[in-house]
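# A structural walkthrough
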Amino acid sequence: MSNKYMLIVLVFLVWMIFFDTNSWFIHQELDDDIKGLQENAEFYKSEIEKDKAFIEKMKDSDEVERFAREKYYLKKENEDIYIIEHEDSLKNKEDDE
């Protein structure tokens, strides 16, 4: 009699682990997807915090001017700008490309 029950339990376990729509393997894949999405959410939350800090910093007109001058090389009228690049900074730019 115990052989019948053991056979039924074994068939049930094999079915639940491999063939069922809620199988163990599908749960593992879904858990991995959830972990990846949580890591993405944490990354984007940190990026949002950085952007909020940057926006707060840009509320100051002096900071906006400094940012425009450094990033986009903007200048005032009748003003000359000279960009000085060192050799080591040129090597870093070549590595980035």
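To keep things clear, this report deals only with the structure shown in the data block. (Residues numbered from 1 in each chain as written. Predicted model: local features only at pLDDT ≥ 70, side-chain atom pairs only at ≥ 80, totals over all residues. Heavy atoms only, no water.)

A few words now on unusual backbone geometry. One non-glycine residue, Y73, lies in positive phi territory at about 55°. If you trace the backbone, Y73 turns up in the loop between α3 (61–72) and α4 (87–96). A positive phi angle, close to 60°, is found at N78, a residue other than glycine. When you line up the elements, N78 lands in the loop between α3 and α4. (Helix = DSSP H or I, 4+ residues; strand = E, 2+ residues; numbered from the N terminus.)

In a regular helix each residue adds 1.5 Å, so 12 residues correspond to 16 Å; α3 covers 16 Å between its end C-alpha atoms and thus fits that length. Within two residues after α3, Y73 carries a phi angle of roughly 55°, on the positive side. (Expected span 1.5 Å × (residues − 1).)

The next thing to look at is the packing of aromatic side chains. Across all of its chains, the model carries 7 aromatic pairs by this definition. On the basis of an interplanar angle of 80° and a centroid distance of 6.0 Å, the ring pair of F67 and Y72 is categorised as edge-to-face. According to the relative accessible area criterion, F67 is partly exposed, its value standing at 28%. When its relative accessible area of 52% is taken as the criterion, Y72 is described as exposed. (Phe/Tyr/Trp six-rings, centres within 6.5 Å; stacked < 30°, edge-to-face > 60°. Buried < 20%, exposed > 50% of the residue type's maximum accessible area, 1.4 Å probe, protein only.)

Here the focus is a nonpolar patch on the surface. A surface patch of nonpolar side chains, about 1100 Å² in accessible area, is lined by V9, L10, F12, L13, V14, W15, I17, F18, F19, W24 and F25. Residue assignment for the nonpolar patch shows that the elements contributing at least two residues are α1 (2–19) and α2 (24–57). Tallying contributions element by element places α1 first for the nonpolar patch, with 9 residues. Its place among the elements puts L10 in helix α1. (Patch = residues over 30% accessible without salt bridge, like charges linked within 9 Å, V, L, I, M, F, W, Y side chains within 5 Å. Areas by Shrake-Rupley, 256 points an atom, 1.4 Å probe, with all protein chains shown as cover. Salt bridge = Lys/Arg side-chain N within 4 Å of Asp/Glu carboxyl O.)

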